[in-house]
Amino acid sequence: MVTLPPDYRPSEDEEFMNPIQVEYFRQKLLRWRADLLREADGTLASLSEGGIHEADITDRASVETDRALELRTRDRARKLISKIDQALVRIEVGTYGYCEETDEPIGVKRLEARPIATMSIEAQERHEKMERVHRDD
């Protein structure tokens, strides 16, 4: 078990995916997952408070729209939690931080910005370009 210094931030100057970096990203992913689950619990509580009791049709429509938006947001969060879980599995098996396409390091800055990234920027750009080409067919 690795203990992180309280002010630790990974840098490009240290060995990529050393035990301290791995622990840093593991904790970052776990915090993110916990935040998403806490928000989801709040949504479930507010949605289970009963039906819509607005007398005015406009107010009722507004409440219904808000609920639909909240449910879409929760669905996105559910998918994100799944990606976080996959990243945590990659940490366990030792492949976290490496591009699934090229096996090259993804990079600390990219992982800081998107800890669930599975491809390097270059590989992601190629992937998106191929998607656009095939979508236009």
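Use the structure listed above.
Residues numbered from 1 in each chain as written. Predicted model: local features only at pLDDT ≥ 70, side-chain atom pairs only at ≥ 80, totals over all residues. Heavy atoms only, no water.

## Considering the layout of surface pockets
Quantified by volume, the largest pocket comes out at close to 160 Å³. Surrounding the largest pocket, Lys-83, Gln-86, Arg-90, Arg-110, Arg-114, Ile-116, Ala-117, Thr-118, Met-119 and Gln-124 form its lining. In terms of residue count, helix α2 (residues 57-93) provides more of the lining of the largest pocket than any other element does, three residues in total. Here the lining of the largest pocket is built from residues that sort into three nonpolar, three polar and four charged. (1 Å grid on protein atoms, 1.4 Å probe; cavity = no way out; pocket = protein on both sides within 12 Å on 5 of 7 lines; lining within 4 Å. Points joined across faces, edges and corners; volume = space filled by probe spheres on them. Helix = DSSP H or I, 4+ residues; strand = E, 2+ residues; numbered from the N terminus. Nonpolar A, V, L, I, M, F, W, Y, C, P; charged D, E, K, R; others polar.)

## Some thoughts on the packing of aromatic side chains
Inspection of the entire model under this criterion finds four aromatic pairs. Centre to centre, the rings of Phe-16 and Tyr-98 are 5.3 Å apart; their planes meet at 90°, and the pair counts as edge-to-face. With Phe-16 in the segment before α1 (19-47) and Tyr-98 in the loop between α2 and α3 (108-113), this residue pair connects regions lying 82 residues apart in the sequence. Ring plane angle 80° and centroid distance 5.1 Å describe the contact between Tyr-24 and Phe-25, whose orientation is recorded as edge-to-face. No difference in accessibility class separates Tyr-24 from Phe-25, as the two residues are buried. Site record: aromatic cluster; members linked through ring pairs are Tyr-8, Tyr-24, Phe-25 and Tyr-96. (Phe/Tyr/Trp six-rings, centres within 6.5 Å; stacked < 30°, edge-to-face > 60°. Buried < 20%, exposed > 50% of the residue type's maximum accessible area, 1.4 Å probe, protein only.)

By themselves, these figures tell us nothing about what the structure is for.
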